[in-house]
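Each chain, letter by letter, is given below.
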Amino acid sequence: MIVDYSLQNASQIYYLMSQSIIPRPIAWIVTQNRDKVVNIAPFSYFSPLSSNPPTLVVSIGHKSDKTPKDTLKNIRESKVCTICMPRENDLEKLDKSARELDENISEAKLFDIKTKILNKLFPPVIETSAVAFFCKFYKEIALDKSKTVPIVLKIKEQYIDDRFCKKESGKIYVDYKPLARVGKSYGLINLL
Ligand SMILES: Cc1cc2nc3c(=O)[nH]c(=O)nc-3n(C[C@H](O)[C@H](O)[C@H](O)COP(=O)(O)O)c2cc1C
């Protein structure tokens, strides 16, 4: 079967792509608005872009009222975000944090997602994270007629929980089991 994308609507295309490009890493993104309300949401249209410069890309859409999602709004305003990599035990809270909420309601408070400040220049890190990236806004990519906005982020610092890393011969090895998006469900990555 060959599927002509010009004959599919946006949700059919989303369904096709997200069932086929698997697994996808999940960015559990922490941002803050002007009132410092901590916003947390998962994004799986997320990928490393380059390690030189160290950049990531995440595509963020709009709320049902067509305004930018809080994460997009907060990154545009504050120019920073903290990207946490979720693990197995985060599944329930991660899934809840995808609910559409008013920007003044914090997912951290509502779903009891505990965070800690590790760098005052960036939003806090989710306490259960083995790995997190402190990122600065780099650029937006304008896609034709698209409602989704790919944001390029530059990694300034990486946090690794000491239990999940070791230093050997000048290299830092990171070893943890991230939660991934598999179609509309979730999976864990196991090494062969
Ligand atoms: C695992 C998972 C991955 C998601 N990936 C994306 C994504 O890549 N882009 C997007 O716009 N929304 C994505 N969503 C939906 C957002 O998390 C959801 O719209 C959320 O309410 C956005 O929150 P915010 O308004 O606080 O930014 C995803 C949801 C889940 C559960």
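Draft legend 1. Examining the overall build of the chain more closely. A tally of regular secondary structure across the chain gives four helices and 14 strands. For the chain, the C-alpha radius of gyration of 17 Å lies close to 16 Å, the compact-globule estimate for 192 residues. Principal-axis analysis of the C-alpha atoms gives the chain an extent of 50 × 45 × 35 Å. Taken over 192 residues, the chain has a buried fraction of 41%. Taking as baseline every contact in the chain between residues at least 6 positions apart, the subset at least 24 positions apart corresponds to 60%. Accessible area of the chain: about 11,800 Å², with a carbon and sulfur share of 53%.

Draft legend 2. Focus on the pattern of salt bridges. Applying the stated criterion across every chain, the model contains nine salt bridges. Taken together, the salt bridges that share partners define one network made up of R34, K73, E77 and E103.

Draft legend 3. Layout of the site of the ligand. In the vicinity of the ligand there are 19 residues, among which P42, Y45, K69, T71 and A98 approach most closely. Between the ligand and the protein, one listed contact pairs an oxygen atom with a backbone N or O atom of G61 at 2.8 Å. Look at the ligand: alone it shows 650 Å² of surface, and the protein chains cover 88% of it. Classifying every residue of the shell around the ligand gives seven nonpolar, five polar and seven charged.

Draft legend 4. Representation of the packing of aromatic side chains in the model. Counted according to the given criterion, the structure contains two aromatic pairs. Considering the side-chain rings of F122 and F134, the 5.3 Å spacing of their centres and the 40° angle between planes classify their relative orientation as tilted. One end of the pair, F122, is in the loop between β7 (115-116) and β8 (125-126); the other, F134, is in strand β9 (residues 131-140), with twelve residues separating them in the sequence. Above the plane of the ring of F137 lies K79, whose end atom (NZ or CZ) is 4.8 Å from the centre. Taking the ring centre of Y186 as reference, the NZ or CZ of R181 above it sits at 4.8 Å.

How each quantity is defined
- In this convention, every chain numbers its residues from 1, walking through the sequence in written order.
- Whole-chain, interface and lining totals are the exception, using all residues; otherwise, since this is a predicted model, local features are given only for residues with pLDDT of at least 70 and side-chain atom pairs are given and counted only at 80 or more.
- The side-chain quantities take in all heavy atoms of the structure and omit both hydrogens and water.
- Starting at the N terminus, helices and strands are each numbered in turn, a helix being any DSSP run of H or I of at least four residues and a strand any DSSP run of E of at least two.
- In this treatment the radius of gyration is a C-alpha quantity, and the globule benchmark scales as 2.2 Å times the residue count to the 0.38 power.
- Exposure categories follow from relative accessible area, calculated using a 1.4 Å probe and restricted to protein chains: below 20% of the type maximum is buried, above 50% is exposed, and the middle band is partly exposed.
- In this analysis, two residues are considered to be in contact whenever any of their non-hydrogen atoms come within 4.5 Å of each other.
- Computed with the Shrake-Rupley method and a 1.4 Å probe, the accessible areas treat only the protein chains shown as cover for residues.
- Definition used for salt bridges: Asp or Glu carboxyl oxygen within 4 Å of a side-chain nitrogen of Lys or Arg.
- Residues are labelled near a given molecule or strand when at least one of their non-hydrogen atoms is within 4 Å of it.
- Each polar contact in these results corresponds to two N or O atoms within 3.5 Å; when the atoms are within protein, one needs to be able to donate a hydrogen and the other to accept it, and residues that are neighboring in sequence are counted only if both atoms are side-chain atoms.
- In the scheme used here, Gly and all other residues not listed as nonpolar or charged are polar, with Ala, Val, Leu, Ile, Met, Phe, Trp, Tyr, Cys and Pro taken as nonpolar and Asp, Glu, Lys and Arg as charged.
- Ring pairs shown here join Phe, Tyr and Trp side chains whose ring centres sit within 6.5 Å, with only the six-membered ring taken for Trp; geometry is labelled stacked below 30 degrees between planes, edge-to-face above 60, and tilted in between.
- Throughout this description, the term charge over a ring refers to an Arg CZ or Lys NZ atom that lies within 6 Å of the ring centre and within 35 degrees of the ring normal.

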